[in-house]
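Okay, here's what each chain looks like letter by letter:
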Amino acid sequence: MNKIQSAILTPEAAIQKRNQLMDDGFCVVPGILQGELLERVRSFTYDFLNTHATDPKHRYQGSDFHIQAERTWAQHQDPSRYHAPLVDEILDLPEALAACAELGLEGLTDTGSLIVLSKPPHGPALYWHQDSMDWNHPKSSLPWPSTLFLSYYLVDTTRQNGCLRVIPGTHRKRIDLHGMLPDAHGPEIQAADETHEAFMVHPDEIDIPVKAGDLVIADGRVLHAAWPNNSDQPRPLILAWWRVFPFPSVPSWWTGEVPPAIQADPDAPYERTRKPGQYLR
Ligand SMILES: O=C(O)CCC(=O)C(=O)O
Ligand SMILES: [Fe+2]
């Protein structure tokens, strides 16, 4: 019998977090991955990282291993990827899905895999970037997200061991930094050294320190980075991409004016690009 999932957040907290996701581009739901499952995810991740060499081009991300859920592996075996049943468990985690439902994240669909990102002891900072590839699509101008990353850090994070940093609001508002950044995770930034502007300390940035197993939910459009790991311990995380509010749907809870961008032809083809254009004001 399925376990009945009780509420994760009070209704007030759920609205506060949803507003934060809309306004700032991220929010954190504490204590979602816990206990025995957190232990298993930790040992899976440490074993994986101990047995797979990281490519030096991923030194700023620490690593970039894509691990498919068993259910997608059965349909599509991509030789550049790995697979594990634990991925299905993480993507289906009832507490995470319940928290997202309480936030009102409608039409949420996983992409069938997750990414193991390490940050080894004394690993470098991660450069400023945003991960959206949909900047040619009018949905990129909408106040609500179309792509989210959901991550769990597997150790408590602080500025000392390389916590996440965010510049709130940059999922919808262009700032000076946007003009200085190469495409996320591309050859240009991978070849850069840490004097590049993408490693700057920005006056509007904030730290997002979390406890191991907290669920970090972020809009794929928001500018984010991570501090260097100045500790003697690794700072791994697992990150999964999700689609939400499939275009041209409007959140059921939306009370504002419906933006005209929603009228665009949902079937019109568009070229993927990581460069924000006319849809970022
Ligand atoms: O290392 C982190 O904290 C974030 C990783 C990230 O944003 C990325 O790899 O795109
Ligand atoms: Fe990222």
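Quick caveat, the model's predicted, so the values are computed rather than measured.

**Student:** Can you break down the packing of aromatic side chains residue by residue, with the values?
**Tutor:** Throughout the structure, instances matching the rule amount to eleven aromatic pairs. Geometry around Trp-253 places Arg-18 over its ring, the cationic atom sitting 3.9 Å from the centre.

**Student:** Mind laying out the side chain of His-129, listing which residues take part and the relevant values?
**Tutor:** Tracing the sequence through the fold places His-129 in strand β6 (residues 126–129). For His-129, the side chain forms a polar contact with the side chain of Asp-131, separated by 3.2 Å. Side chain to side chain, His-129 and His-224 meet in a polar contact 2.9 Å long.

**Student:** How would you sum up the pattern of salt bridges? Please name residues and give values.
**Tutor:** Going through the model one piece at a time under the given rule, you end up with 15 salt bridges. A salt bridge links Glu-36 to Arg-40, with the nearest nitrogen and oxygen atoms 2.6 Å apart. Residue Glu-36 and its partner Arg-40 are located together in helix α2 (residues 35–51), separated by four residues, close to a single helical turn. You can call Glu-36 exposed: its relative accessible area is 52%. Between Lys-139 and Asp-134 there is a salt bridge whose closest N-O contact spans 3.9 Å. Of the residues examined, Asp-134 reaches a relative accessible area of 2% and is grouped as buried.

Calculation rules
Residues numbered from 1 in each chain as written. Chains lettered and ligands numbered in written order. Predicted model: local features only at pLDDT ≥ 70, side-chain atom pairs only at ≥ 80, totals over all residues. Heavy atoms only, no water. Phe/Tyr/Trp six-rings, centres within 6.5 Å; stacked < 30°, edge-to-face > 60°. Lys NZ or Arg CZ within 6 Å of the ring centre and 35° of its normal. Helix = DSSP H or I, 4+ residues; strand = E, 2+ residues; numbered from the N terminus. Polar contact = N/O pair within 3.5 Å; in protein donor to acceptor, adjacent residues only side chain to side chain. Salt bridge = Lys/Arg side-chain N within 4 Å of Asp/Glu carboxyl O. Buried < 20%, exposed > 50% of the residue type's maximum accessible area, 1.4 Å probe, protein only.

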